[in-house]
Amino acid sequence: MNILVILRMIPDSAGELQLAEDGRSIDREWLDFQLNDFDDHALEEAILLKEAGGAKVTAVAVGEGANRVLQMAAARGADEVVALQSEEDAMISSREIAASIAAMARAKSADLVLCGVQSSEDVFGQLAPYVGALLDWPHVSGTNRIVANGAVLRVTQERGAGVAVTYELATPAVLGVQTASKAPRYVSGSKLREASKTPIGRAMPESSGFERSAEIITLRLPVQGGSGENLGGNAETVADRLVTILAAKGLARN
Amino acid sequence: MASTLPLWILVITAFALTAWRSRRYAVALANAPAAARFDRPMLRLQGVMVAIGMHRKMLRKPLSGVLHAIIFISFFVLLTATIDAFGSRLFPGFSLAPIGGETWIAALQDIFSVLMLVGVGLALYQRYVLRPARFDGSSGSDAAIIYVLIVLIVASLLLEAAARIVGGADGSWRPVASALAGLLDRAGMSAHAGEELFYWVHVGAILAFLVYIPGSKHRHMFLAAPNIYFRSLEPRGLAPAVPEAREAPGIDSLGQFDWKQQLDLLSCTECGRCQAVCPAHAAGLPLSPKLLITDLRDALAAGPSAAPLVGGVISEETLWACTTCRACMEACPVEIEHLPKIIDMRRHLVDEGRVSPGLQEALSNLTRLGNSMGKPSKMRARWTRELGFPVKDAREEPVDVLWFVGDYASYDPRVQEITRKVAELLTAAGVDFGILFDAERNSGNDVRRAGEEGLFETLAQSNIDEIKACSFNRIMTTDPHSLNALKNDYQHFGAAFEVLHYTALLAELIAAGKLDLHVADGARVTYHDPCYLGRYNGGFDAPRELIRAAGYTLHDMPRCRENSFCCGAGGGRIWQGDDGVTERPSENRIREALSLGDVAYFVVACPKDKVMYTAAIDALGVADRLKVVDIAELLVPRTSQALEMPTVETT
C-alpha cells in the first residue's frame, strides 16, 4: 500500500499574533511555525499502518519549516519525504493545495491519502473532502482508528457522546484523521540527527483550478475585554473581595 | 608435620571453589567494553589513601565509621595470625617468631582480637538495635553470616592460643589468651586436643570466609580499593559521553556497561548511605540507588537471562525517578557511579521513544523551540522590556560578560523579576554585559541527563556556535544547570569557556567594592545549596559570602553544602508528573527549614528552586512563616529601597 500523508505548517499559537498591514492576514514574518497537530496524528497513523501491514509512506509537507518536519517524519519511519512549494507568507488554503495533492497522489500511485481533519487555517476541515472530490475517491473525516486488511479499510469515526461509527471502504481513499490509534511517538534527537541526511524531494504546486468563491475582507484579533480583575494571591483577601463583588452584584448578602 | 598435606588439600580446594564462585564476574569483566581509567596513577592512589586510610567518607557516619575502622585495623593485625596459622603448617619451619611472633606481634594479636570483637559488637548493635533505615533492602543474612564467621575466626584464634598456654607455652605476651587458658584448664580440656580443635576451627572458618566472599557484599574487602582507584577523575559535572564503539546512544544489556561500571556493582557494600540521601527514595518513588546497584549486581551474578535490562531488571519508573542530584555518588564510600548507569539506561528509553507524556512534550518543545515551555524564542528576552535600560545584544557588540540567562529565568513569570534584579545589580556595579536574545537555547543540561543525547548535542552545538560568534571575556549564568552544561558538558565539543554563576560574579563585585549595598540587621536566614552549583561545581562559599555581605546571618539547615537535599526538579524531573510521590522533596526540604525555628527567608540561588519552593510553601500553607527569596533579592543597592524583612515568630 502506498500512503501519502500531508503535513501542514501552521503559525505557533503560543506566539504573538499580529495583523499584517492589509488587515486581512496575520503578519507571518516574526512567527514560529509548527506542524499542525492533527497532521501529526495523520503521520502517526500512516506509520502505524506501515508497521502493522507494510506500506510505503510518502510525507508531503507544506509551509515554512517543512524541511525540519520532513526530517522528523523520516526519523519516525516515512520512506520518502517531499516539500511542496507554496506561496511564501501566505496561509495554507485547502482550496489552493488540494489540486497539487491530488496530482501527487496520482503520481505516487497512492492507495491512501491521510491528512489531519482540520487545521487552524482550515477549521472547516476541507482538505480531505477537496482531495477526495478531485480524485473521485471515497472520503471519511474525523477518524480515530484505521485498520487495513489488504485493500479494505476499517475506519472508525468519532461522533458525539462517545458514539463511534466504523466504516468499511475500499482503497483508494482519502481520510481526515482526528487522532491516531496511538499517540504520536517521541523521536529521539539522535534519530533526528541521522534523519537530517535524508534527501528531501521538491514538488511544484499545481494550479488549483478553482474560481475564487469568497475572499477575506477583514481579520480581527481578540480584543481585551477589560472586565477581568486580578484578586491577588492571598486567600483571605481574595475571599473578602469575592464576597464584596458578589454582594455588589446582588448575588449574595454581605 | 602430619597436617601439612590435609591443609594443602583444604587450601587448594578452598581457592578452587572461590575461583569457581567468581568465574561469572571474571568473565563479565573480561568481556566488558573498555574504560579509560588508567591515567594519573599518583592521583588515583592518593584518593585510595584518603578514602581507605583516613576513612574520609566512612567517618561521616561516626558510629559506622569508627566500628568499621576498628574492624579494618584489627583485620590487618590479625592477618599476621592468619599468615602464621597457614604458614607454619603449609611450610614446616615457617614462623613469625624471629620477628616477634611470640612477643609483640602476639600481644597485638591478643589485643586486636578483643577489639575486633568490640567492632563486631558495635556492628551488631547498629544493625539489630539501632536498625537505620538505610539497611532496608540490604541482605540481612549476608551480614549475619559474616558476623558469625568473624566471631568464629577470632574466638578460635584466642582459644587456640589459650590451649597452647595450657600446654605450657609462654602466655606473658597474651593476657587475654592467658585468662581464657585459666577457663580452659578448669574445663579440663586436654591442651593438645584443644589446640588442634581450635586450630582447625580457625583455618576452617578463614577458608569458609574466603569461599563465601565471592557471593557476598564482603567482596568489598578485595574490590573497594580498586574501585576507588579506578574512580572517575573527570569533572563531576561531565556526564559520560556515548562511546564511539556503541551503536545506539543507550544501554539495554548488562554486558554493554564498561568494566568499571560492572566493577561498581561488585564493590557495593550495601551500606545504604546512597539510599539514605536519595530524594527520590525519600519521596516514596521506586528508586533506591542501593537497590539499583544490587539489582544490577544480582542480574550480573545470575548470568544471561530472558528478562530485559531496561524495563525488566530495572523498571522504567525507577530510572525516571532520579533527579540526578548526585547525593548518592557523593555519599558512596567506595565511589560507585550510579548516575552514569541511570543516564545510559535512560538514553536507551529515549531512543526507543519510551518517555512519559510530560517529558515528551518538554523534549518536543525543546526540539522545536529550544525551550521546554513551548514559548517562542522571540519572547525569550521579553523580560528586558520592563527594565529601565537597554540590555546589550552580545551578538552585535563586544561585551565583558556574556550572560547566559536560561529558560526559567527568561520565561517563567515567577523568576523574571529576579532576572531583572540581577540585571540591575550588574548595571549598578558597572558590569559591561550582554545576552544572546532569541539565539539562546536551553543549555541541554537536564536534556542530557534525561537521556536525550541527540537533542543535547543539537542544543549544545547551537549555543556553542552562537557563543563563539560573540566577543566576550567570561560567561555568567543564572541557572546552576546551565552553568554545569556550559562549564563541563560542552567540553565534549572542545568548547572551553570561562563560566561562572551569578553568585560568584556578584561576590567578586562586592569584594572589589563595586556594589554598595543596604546592610540588614543580622536577621537569620537559611540557604539551600543547589545541586548543580554546590555538589557538582563546588559553589558553596560565594552565596554564603553574599548573604553575609547583605547583612544577614546564615543559619544552615542540617543538610547543607555537599549534603544538600535536592528540590526534586533536576535531571528532567521537573517535566514529569508527581505520580507515586508521597512527599515532594521540596516539601521535605521546607519542613527542614521550618524546623530551624528562627528563619524568615529561605534563600535560593537557582531559578528552578524559586519555582519549586514557592510551590512547596503554598502546598504546605506556610507562606506566613517562610518566604522564598533569591539571593539577588537580598542584595539591594543603596540607591534603591531597602528590603523589608517580614517578622518571624521564633519557635
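Rules and cut-offs
- Residues numbered from 1 in each chain as written.
- Chains lettered and ligands numbered in written order.
- Predicted model: local features only at pLDDT ≥ 70, side-chain atom pairs only at ≥ 80, totals over all residues.
- Heavy atoms only, no water.
- Buried < 20%, exposed > 50% of the residue type's maximum accessible area, 1.4 Å probe, protein only.
- Helix = DSSP H or I, 4+ residues; strand = E, 2+ residues; numbered from the N terminus.
- Salt bridge = Lys/Arg side-chain N within 4 Å of Asp/Glu carboxyl O.
- Contact = heavy atoms within 4.5 Å.
- Buried area = accessible area lost by both parts, 1.4 Å probe.
- Polar contact = N/O pair within 3.5 Å; in protein donor to acceptor, adjacent residues only side chain to side chain.
- Pairing = 2+ DSSP bridges.
- Axes fitted to C-alpha atoms, helices over the stretch in contact; angles between N-to-C directions.
- Phe/Tyr/Trp six-rings, centres within 6.5 Å; stacked < 30°, edge-to-face > 60°.
- Lys NZ or Arg CZ within 6 Å of the ring centre and 35° of its normal.
- Patch = residues over 30% accessible without salt bridge, like charges linked within 9 Å, V, L, I, M, F, W, Y side chains within 5 Å.
- Areas by Shrake-Rupley, 256 points an atom, 1.4 Å probe, with all protein chains shown as cover.
- Lys, Arg positive; Asp, Glu negative; His and termini not counted.
- Charge placed at Lys NZ, Arg CZ, Asp CG, Glu CD.
- Domains from an automatic or database assignment.
- Parallel < 35°, antiparallel > 145°, perpendicular 65-115°, else oblique.
- Left-handed = near helix turned anticlockwise from the far one by under 90°.
- Nonpolar A, V, L, I, M, F, W, Y, C, P; charged D, E, K, R; others polar.
- Core = buried A, V, L, I, M, F, W, Y, C linked by side-chain atoms within 4.5 Å.
- Right-handed = clockwise from strand over helix to strand, strands pointing away.

K.L.:
Whenever I open this one, helix 22 (residues 502-511) of chain B confuses me. Can you help?
P.N.:
An α-helical turn contains 3.6 residues, so a residue and the one three or four places further along point in the same direction. Residues Y502(B), T503(B), L505(B), L506(B), A507(B) and L509(B) constitute the buried set of helix 22 of chain B. G513(B), located one to two residues past helix 22 of chain B, shows a positive phi value of around 70 degrees.

K.L.:
Explanation requested: the pattern of salt bridges in the structure shown.
P.N.:
Pairing between side chains of opposite charge can happen when the charged atoms of each approach one another. Counted under the stated rule, the structure contains 59 salt bridges over all chains. A salt bridge links D39(A) to R8(A); the nearest nitrogen and oxygen atoms lie 2.9 Å apart. In this pair, D39(A) is assigned in helix 1 (residues 37-53) and R8(A) in strand 1 (residues 2-11), connecting sequence segments 31 residues apart. Each of R246(B), D344(B), R347(B), R448(B), R449(B), E453(B) and D489(B) takes part in salt bridges that share partners, so that together they form one network.

K.L.:
Is there a simple way to explain the interface of chain B and chain A in this structure?
P.N.:
A common measure of how large an interface is: the accessible area buried when the components associate. Across the boundary between the two partners, chain B contributes 24 residues, which contact 18 residues of chain A. Sorting the residues of chain B by area buried against chain A places D351(B), R368(B) and K378(B) first, and these three jointly supply 31% of that buried surface. Summed over the shared surface of chain B and chain A, the result is two salt bridges. The partner of R368(B) in a salt bridge is D12(A), with the nearest N and O atoms 3.6 Å apart. Linking chain B to chain A there are 10 residue pairs in polar contact (both at pLDDT 80 or more). Listed by contribution, the elements that provide at least two residues to the side of chain B that touches chain A are helix 15 (338-351), helix 16 (357-369) and helix 20 (453-468) of chain B.

K.L.:
Please clarify how the sheet that holds strand 2 (residues 401-404) of chain B should be interpreted in this entry.
P.N.:
Within a sheet, each strand pairs with its neighbour through backbone hydrogen bonds, oriented either parallel or antiparallel. Residue and element names in this part refer to chain B. With parallel pairing, five strands are arranged side by side in an open sheet as 1-3-2-4-5. The sheet is open, and its two borders are formed by strand 1 (392-393) and strand 5 (499-501), each paired with just one other strand. Packed on one face of the sheet, helix 22 meets strand 2, strand 4 (474-477) and strand 5 and runs near 80 degrees to strand 5.

K.L.:
Would you mind showing me how to read the packing of aromatic side chains here?
P.N.:
Here the distance between the centres and the angle between the planes together describe a pair of aromatic rings. All names here are of chain B. Taken as a whole and judged by the stated rule, the model has 18 aromatic pairs over all chains. Between the aromatic rings of F38 and F230, the centroid separation amounts to 5.3 Å while the plane-to-plane angle is 70 degrees, which identifies the pairing as edge-to-face. With F38 in the loop between helix 1 (4-31) and helix 2 (41-53) and F230 in the loop between helix 8 (220-229) and helix 9 (259-267), this pair connects stretches of sequence that are 192 residues apart. Note on F38: relative accessible area 58%, which makes it exposed. Here the aromatic rings of F472 and F497 are separated by 6.3 Å at their centres, their planes lie at 55 degrees, and the arrangement is tilted. Placement of F472 in the loop between helix 20 and strand 4 and of F497 in the loop between helix 21 (480-487) and strand 5 is noted, with a sequence separation of 25 residues between them. The pair formed by F472 and F497 is uniform in burial state, with each residue classed as buried. Ring pairing ties together the aromatic residues F38, Y229, F230 and W259, which thus form one cluster. Residue placement shows R127 over the ring face of F135; its charged tip is 4.1 Å from the ring centre. The aromatic ring of Y536 is capped on one face by R326, whose charged end is 6.0 Å from the ring centroid.

K.L.:
Explain a negative patch on the surface here, please?
P.N.:
All names here are of chain A. Together, E29, E64, E88 and D89 line one region of the surface with negative charge. By secondary structure assignment, the location of E29 is in the loop between strand 1 and strand 2 (33-35). Assessed through its relative accessible area of 56%, E29 is described here as exposed.

K.L.:
What exactly am I supposed to notice about the domain arrangement of chain A here?
P.N.:
Segmenting chain A into domains produces domain 1 (2-203) and domain 2 (224-254). In this structure, domain 1 of chain A and domain 2 of chain A have C-alpha centres spaced 46 Å apart.

K.L.:
Can you help me understand the packing of helix 18 (residues 413-428) of chain B against helix 22 of chain B in this one?
P.N.:
Angle between the axes and distance between the axes are the two parameters that describe a pair of packed helices. Residue and element names in this part refer to chain B. Across the interface, helix 18 lies against helix 22 with an axial gap of 11 Å and an inter-helix angle of 30 degrees. Between helix 18 and helix 22, the angle is such that the two are roughly parallel. You can see that helix 18 and helix 22 cross each other, and the crossing is left-handed. From helix 18, V422, L425 and L426 reach across to helix 22, where they touch Y502, L505, L506 and L509.

K.L.:
For this particular structure, what's the right way to read the domain arrangement of chain B?
P.N.:
Residues and elements named next belong to chain B. Looking at chain B, the domain boundaries give domain 1 (4-228), domain 2 (234-351), domain 3 (371-509) and domain 4 (512-634). A separation of 31 Å is found between the C-alpha centroids of domain 1 and domain 2. With 31 residues of domain 1 at the interface, the matching set in domain 2 holds 37 residues. Summed over the shared surface of domain 1 and domain 2, the result is three salt bridges. Linking domain 1 with domain 2 are 22 residue pairs in polar contact (both at pLDDT 80 or more), by the criterion used here. At the level of secondary structure, the elements contributing two or more residues to the side of domain 1 that touches domain 2 comprise helix 1, helix 3 (62-90) and helix 8. With six residues, helix 8 is the largest single contributor of residues to the side of domain 1 that touches domain 2. Class assignment of the residues belonging to the side of domain 1 that touches domain 2 gives a composition of 15 nonpolar, seven polar and nine charged.

K.L.:
What is the right way to look at unusual backbone geometry in this model?
P.N.:
If a residue is not glycine, its phi is most likely negative; likewise, a peptide bond is most likely trans. All names here are of chain A. Of the consecutive residues T171 and P172, the connecting peptide bond is found in the cis state with omega at 0 degrees. One can find P172 in the loop between strand 8 (164-170) and strand 9 (173-177). Even without a glycine there, the phi angle at S109 is positive, about 50 degrees. By the element assignment, S109 lies in the loop between helix 3 (94-107) and strand 5 (112-116). In this model, A161 sits at a positive phi of 55 degrees, which is unusual for a non-glycine residue. Relative to the elements of secondary structure, A161 occurs in the loop between strand 7 (152-158) and strand 8.

K.L.:
Where do I start with the nonpolar core in this structure?
P.N.:
A general trend in soluble globular proteins is that nonpolar side chains are found buried together. Of all hydrophobic cores here, the largest spans 132 residues; its most connected members are W403(B) and L426(B). Counting residues in each nonpolar core, the second largest holds 40 residues, with I3(A), V5(A), A74(A) and A173(A) among its members.

K.L.:
Looking at this structure, how should I read the packing of helix 9 of chain B against helix 12 (residues 289-302) of chain B?
P.N.:
Residue and element names in this part refer to chain B. It is at 8 Å that the axes of helix 9 and helix 12 come closest, and there the two elements cross at 100 degrees. The angle between helix 9 and helix 12 falls in the class roughly perpendicular. From helix 9, Q262, D264, L265 and L266 reach across to helix 12, where they touch I293, L296, R297 and L300. Taken together, the residues of the contact of helix 9 with helix 12 sort by class into five nonpolar, one polar and two charged.

K.L.:
What is the right way to read the pairing of strand 9 (residues 627-630) of chain B from this model?
P.N.:
Successive residues of a regular strand alternate their side chains across the two faces of the sheet. All names here are of chain B. Two elements, strand 8 (residues 601-604) and strand 9, share four bridges in a ladder whose sense is parallel. Following the sheet pairing, F602 is matched in strand 9 by V628. The β-α-β motif built from strand 8, the intervening helix 25 (residues 607-620) and the parallel element strand 9 has right-handed crossover chirality.

K.L.:
Just to check I follow, could you spell out the pairing of strand 2 of chain B for this structure?
P.N.:
Residues and elements named next belong to chain B. Burial along strand 2 is two-sided: V401 and W403 facing one way and L402 and F404 facing the other are all buried. As defined by bridge partners, strand 2 adjoins strand 3 (residues 433-435) across three bridges and the pair is classed as parallel. Its bridge partner being in strand 3, V401 is matched across the sheet by F433. Alignment of strand 2 against strand 4, held across four bridges, turns out to be parallel. Residue F404 lies in a different strand from strand 4, and its bridge partner there is T477.

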